[in-house]
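# Reading the structure
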Amino acid sequence: MDIDNLVVQFKKKDEKAFEKLYDMYKDSMHGVIYNIVRDNDIAEEIMQDVFIKAWHKADSYDVKKGRFFTWLINIARNAAIDKTRSKSFKNSGKNLNSDFFVDIIQSHDSLDDSTDAIGIKKFVDKLAKKCIEVIELLYFKGFTQKEASEELDMPIGTIKTRNRNCIKELREAVL
Amino acid sequence: MNINDYINSGILELYVAGQLSEKESSEVYDLMLKHPEVLKEVLEIEAAIVKLTASVSPKKDIAFNTIKGRLNNNTDSKVISLNRPKTQWLNYSGWAAAVVLAGGLIWTINQKSHLENQIQTVNTEKDFLEIQMETSKTDLAETKNLLNIIRDKSIINIPLEGQAAAPGAFANVYWDKKDDTVYLDLQGLPEPPKGKVYQVWSLTLNPLTPTSLGTIDDFIQDDNKIFKLKNANQSQAFGITLEPAGGSLSPTLEQLYTLGALASL
């Protein structure tokens, strides 16, 4: 069954379909959350909460307004950012360094590397800094184009085309 | 629209990132349904992003079972969504009740002050009626008293006829010799002009000697025009003159209004 059918079933509160979607996206969500909170246990906890929230809010997802993945990643980012703003998190003395996601990828040891991981490592190794920045802001941090253009001091149109080229490279590396 | 240009513009990458407006997103959605190449492109972009983001995760396999139990757990947000309308309903009805209560209170207060006003009015009317009743009783008693006096056979009635100063005037004197009292019925006298009063005289004849019995100071105010004066004299006649306020020592005969002598004389 393809993703879109799974999403239709998910909206009908089909647990089997939801489980498939969970398996499809849990690592992705965990990665996005981890990139924000930089703590494995906290990231896991938030990731689970995100899926439970998505299940209960299934009615509010509208297929015409965007991809299920996009909807889910939004929930994940917001939950993670909320966590970093919470008192308990601030008091835990977490050091949120400004490393990009690539630094995290490169820090993983290669023992359990799948083909994907190897491809991504290759990709990020040769990835230009400008690609890293754009992808970090648009996908991991959820910046708008305008915010990204201000952050990177680059015209909005440039963000759009650069992003297109960077994602193209990524697809060549992992798909 | 050239679909390849559309795909190459980078809009689909932004679509997956969630950066498009609602309108743009629904355009992309429609195009995905119409053009399989657009759908394929979106799926590939999405798959690439999913792999990239997943590669950041330290990849500890967390099975679906760990959250499965919480999906239909009523202590989760589901309960909140059920509770919400209830609390909202409670909220609204609470406010509504408060408004109704406040309205009722204001109405009651208004009603109360209105009723208090009514009571005040009724009380005033009651006081007024009581006074009127008292006055009527007094009047009745006085009238009865007068009637008794007139009927009493020991009382001497002396009619006083109008004189040159006031030919149309007349008066009556009722003399109670036991009490040395005279009652004067002055209904037939005109109102005295301002600054003047009637003065009543007791007269003895041969020689003619007038003795003042007093002045009628409240002629105008008195309703029944009956006046009571002391008279211990051996009167043979009575006269009434108009005198300056305060009365005179001797009668002004030009202003003699009425005069009458005892019948027995």
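Overview of the structure. Sequence positions are assigned chain by chain, starting from 1 and proceeding in written order. All chains are assigned letters beginning at A, and all ligands numbers beginning at 1, according to the order in which they are written. Thresholds applied to this predicted model are a pLDDT of at least 70 for local features of residues and 80 or more for the giving and counting of side-chain atom pairs; totals over whole chains, interfaces and linings are not thresholded and use all residues. To get the side-chain values, take all heavy atoms of the structure and skip hydrogens and water.

Here we come to the sheet that holds strand β4 (residues 196-204) of chain B. Residues and elements named next belong to chain B. The criterion for strand pairing is that DSSP finds at least two bridges linking the strands in question. Secondary structure elements are taken from DSSP: a helix is a run of H or I of four residues or more, a strand is a run of E of two residues or more, and numbering for both begins at the N terminus. Taken in spatial order, the 8 strands of this open sheet run β5-β4-β7-β8-β1-β2-β3-β6, and their pairing is antiparallel. Looking at the sheet topology across the chains shown, the edges are occupied by β5 (209-216) and β6 (226-230). Between one strand axis and the next, the sheet turns through 25° on average, direction left out of account. Fitted lines through C-alpha atoms give the axes, limited to the stretch in contact for helices. The angle between two N-to-C directions lies from 0 to 180 degrees.

All names here are of chain B. Along the chain, K225 falls in the loop between β5 and β6. There is no salt bridge for the buried K225, and the closest opposite charge comes from E191, which lies 5.3 Å off by N-O distance. We call two residues contacting when some pair of their heavy atoms lies within 4.5 Å. Apart from the residues lying within four places of it in its own chain, the contact partners of K225 are L184, D185, L186, Q187, F219 and I220. Residue exposure (1.4 Å probe, protein chains only): buried if accessible area is under 20% of the type maximum, exposed if over 50%, otherwise partly exposed. Charged residues are defined narrowly, with Lys and Arg counted positive, Asp and Glu counted negative, and His plus the chain ends left uncounted. For this analysis, a salt bridge means a side-chain nitrogen from Lys or Arg found within 4 Å of a carboxyl oxygen belonging to Asp or Glu.

When two helices pack together, their arrangement is given by the angle between their axes and by how far apart the axes lie. Two numbers describe how helix α8 (residues 129-140) of chain A lies on helix α4 (residues 36-56) of chain B: the axes approach to 12 Å, and their chain directions differ by 95°. If you check the angle between α8 of chain A and α4 of chain B, you find them roughly perpendicular. Across the interface between the two elements, I135, Y139 and F140 of chain A from α8 of chain A touch I49, L52, T53 and V56 of chain B from α4 of chain B. Of the residues assigned to the contact of α8 of chain A with α4 of chain B, the class counts are 6 nonpolar, 1 polar and no charged. We call two directions roughly parallel when the angle between them is under 35 degrees, roughly antiparallel when it is over 145, roughly perpendicular when it lies between 65 and 115, and oblique otherwise. Gly is placed with the polar residues, together with every amino acid not listed as nonpolar (Ala, Val, Leu, Ile, Met, Phe, Trp, Tyr, Cys and Pro) or charged (Asp, Glu, Lys and Arg).

Further remarks concern the pattern of salt bridges. When their charged atoms lie close together, side chains carrying opposite charge are able to pair. One pass over the structure, following the stated rule, counts 15 salt bridges over all chains. Residue E133 of chain A is joined to K129 of chain A by a salt bridge in which the shortest nitrogen-to-oxygen separation is 2.9 Å. In this pair, E133 of chain A and K129 of chain A both sit in helix α8, 4 residues apart, roughly one turn of the helix. For K129 of chain A, a relative accessible area of 55% corresponds to the exposed category. Note that K141 of chain A and E136 of chain A form a salt bridge whose closest N and O atoms lie 3.1 Å from each other. One salt-bridge network, in which partners are shared between bridges, spans R164 and R171 of chain A together with E13, K40, E41 and E44 of chain B.

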